[in-house]
Amino acid sequence: MTADELNDRLDAMIAAAGEEPDKLPGLITVRTEDWIYGGTGDVRATCKALNDGLRHRDVVIKISTDYETKVFMRSEASGRGEPYRDPLPRP
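Residues numbered from 1 in each chain as written. Predicted model: local features only at pLDDT ≥ 70, side-chain atom pairs only at ≥ 80, totals over all residues. Heavy atoms only, no water.

Participant: Teacher, can you tell me more about the packing of aromatic side chains here?
Facilitator: The description of an aromatic ring pair uses the distance of the two centres, along with the angle that the planes make with each other. Evaluation of the coordinates by the stated rule reveals zero aromatic pairs. Sitting over the ring of Phe 72, Arg 80 keeps its end group 5.3 Å from the ring centre. (Phe/Tyr/Trp six-rings, centres within 6.5 Å; stacked < 30°, edge-to-face > 60°. Lys NZ or Arg CZ within 6 Å of the ring centre and 35° of its normal.)

What follows is the structure in structure tokens.
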């Protein structure tokens, strides 16, 4: 998934969520190989503090060889993306 594809998914989820916060993006998981060798490595990620974690548009990113590259709604993330914040606008 490229940075543009990820941003498109986030924008679509935000639009579809309407007034339902549980449907907002809650977690981005990325397979390690996609982060290193794939287009996902072009994603702008920030980490303001260690306990804040890696984030893109204020949505938590988790990277592992065990993950598939995917965006989860808050209701699907089972708390793994907490603390949830309002997603930032597209860069």
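Participant: Would you take a moment to explain the pairing of strand β3 (residues 59-64) for this structure?
Facilitator: Regular strands place side chains that alternate from one sheet face to the opposite one. Where strand β1 (residues 25-31) lies against β3, four bridges are found, and the strand directions are parallel. Paired with Val 30 across the two strands is Ile 63, which belongs to β3. Direction of pairing for strand β2 (residues 55-56) relative to β3: antiparallel, over a ladder of two bridges. Bridge pairing in β3 links His 56 to Val 59. Here β2 folds back onto β3, and the loop between the two strands holds two residues, one of which, Arg 57, carries a positive phi near 55°. (Pairing = 2+ DSSP bridges. Helix = DSSP H or I, 4+ residues; strand = E, 2+ residues; numbered from the N terminus.)

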